[in-house]
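Letter by letter, the chains look like this.
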Amino acid sequence: MLFNYVLEPRLLDERIKIATTLVKNNINEIILTADCAGDLAISGSRFRRLFVSDTGIQFRHYKMWKRARSYLEQILTPASLTQIAMDLGYPDSTHFSRSIRSTYGLPPRKMKAHMQDSAFFLAKNVENSN
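Residues numbered from 1 in each chain as written. Predicted model: local features only at pLDDT ≥ 70, side-chain atom pairs only at ≥ 80, totals over all residues. Heavy atoms only, no water.

1. Brief notes about the environment of Met-86
Quick note on the threshold: Only runs of H or I of at least four residues qualify as helices and only runs of E of at least two qualify as strands under DSSP, and these elements are numbered from the N terminus. When a residue's accessible area, from a 1.4 Å probe over protein chains only, is under 20% of the maximum for its type it is buried; when over 50% it is exposed; and in between it is partly exposed.
Within the secondary structure, Met-86 is located in helix H5 (residues 81–87). What makes Met-86 partly exposed here is its relative accessible area of 38%.

2. Quick word on the nonpolar core
Note the threshold: By nonpolar core is meant a set of buried Ala, Val, Leu, Ile, Met, Phe, Trp, Tyr and Cys residues that side-chain atoms within 4.5 Å join together. Note on definitions: a residue-residue contact is assigned when non-hydrogen atoms from the two residues lie within 4.5 Å.
Val-23, Cys-36, Ile-42, Phe-47, Phe-51 and Phe-59 are the most contacted members of the largest nonpolar core, which has 14 residues in total. Elements with a minimum of two residues in this core: helix H1 (14–25), helix H2 (33–39), helix H3 (44–55) and helix H4 (59–74). Phe-47 has contacts with Ile-16, Ala-19, Thr-33, Cys-36, Ala-37, Leu-40, Ile-42 and Phe-59, leaving out every residue within four places of it along the chain. Tyr-71, Leu-72, Ile-75 and Leu-81 belong to the second-largest nonpolar core, a separate cluster that totals 12 residues.

3. Quick word on the packing of aromatic side chains
Inclusion rule: Between 30 and 60 degrees the pair is tilted, below 30 it is stacked and above 60 it is edge-to-face, where a pair is any two Phe, Tyr or Trp rings, Trp via its six-membered ring, whose centres lie within 6.5 Å.
Under the criterion given, the structure shown has 6 aromatic pairs. Taking the centre distance of 5.0 Å and the plane angle of 80° together, the rings of Phe-47 and Phe-59 count as edge-to-face. Within this pair, whereas Phe-47 is found in helix H3, its partner Phe-59 is found in helix H4, the two being separated by 12 residues in sequence. Phe-47 gets classed as buried once you look at its relative accessible area, which sits at 0%. Centroid distance Phe-51 to Phe-59: 5.1 Å. Interplanar angle 75°. Geometry classified as edge-to-face. Neither Phe-51 nor Phe-59 differs from the other in exposure class; each is buried.

4. Overview of the pattern of salt bridges
The cut-off we apply is this: Each reported salt bridge corresponds to a side-chain nitrogen of Lys or Arg within 4 Å of a carboxyl oxygen of Asp or Glu.
As enumerated under the stated definition, the model contains 2 salt bridges in all. Where Arg-15 meets Asp-13, a salt bridge forms, and the shortest distance between an N and an O atom there is 2.9 Å. Residue classification places Asp-13 among the partly exposed positions, given a relative accessible area of 22%.

5. Let's talk about the environment of Leu-88
Here Leu-88 is to be found in the loop between H5 and helix H6 (93–104). What makes Leu-88 buried here is its relative accessible area of 1%. Separated by 61 residues in sequence, Leu-88 and Ile-27 have C-alpha atoms that sit 6.4 Å apart. Residue contacts for Leu-88: discarding those within four places in its chain leaves Ile-27, Asn-28, Arg-67, Ser-70, Tyr-71, Gln-74 and Phe-96.

6. Side note on the side chain of Asp-54
By secondary structure assignment, the location of Asp-54 is in helix H3. Dropping the residues within four chain positions of it, Asp-54 is found in contact with Arg-10, Leu-11, Leu-12, Asp-13 and Ile-16.

7. Section: the packing of H4 against H6
As a reminder, the rule being used: Lines are fitted to the C-alpha atoms to define the axes, a helix being fitted only along its stretch in contact, and any angle between axes, read from their N-to-C directions, falls within 0 to 180 degrees. Angles below 35 degrees are treated as roughly parallel, those above 145 as roughly antiparallel, those between 65 and 115 as roughly perpendicular, and all remaining angles as oblique. Residue polarity is assigned by list, with Asp, Glu, Lys and Arg as charged and Ala, Val, Leu, Ile, Met, Phe, Trp, Tyr, Cys and Pro as nonpolar; anything else, Gly included, falls into the polar class.
Put simply, H4 and H6 touch, their axes get as near as 10 Å, and they point 95° apart. Relative to H6, the element H4 is oriented roughly perpendicular. Residue-level inspection shows Met-64, Trp-65, Ala-68, Arg-69, Tyr-71 and Leu-72 of H4 in contact with H6, the latter providing Phe-96, Ser-99, Ile-100, Ser-102, Thr-103 and Tyr-104. Class assignment of the residues belonging to the contact of H4 with H6 gives a composition of 8 nonpolar, 3 polar and 1 charged.

Below, the structure written as structure tokens:
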């Protein structure tokens, strides 16, 4: 539900479901389009077209978004930003900072500072402690 509206479930091709699950379960690894296509026994161009058709975004943007989104799950940890970047599979902290800034419009350090008192994270911590 979003803004009191029930969202229609998006029907994904089974091959795209496999690819999205692969990304989700291996967020800290490099997953190439060619490797996914090969695993699914389709060409790279067919995989890219099918992915965009089913999800509305390019595979590389999806991977970038999922990795940046996983930062939010670690934002309140005491780990350094460099350690978080390495845990999420970024090659270095500069790449991590650019990706987070590109996705959210703020650098990771500012996000961490501003979100520590956020109602979103406070509610999430209350839920997790119960």
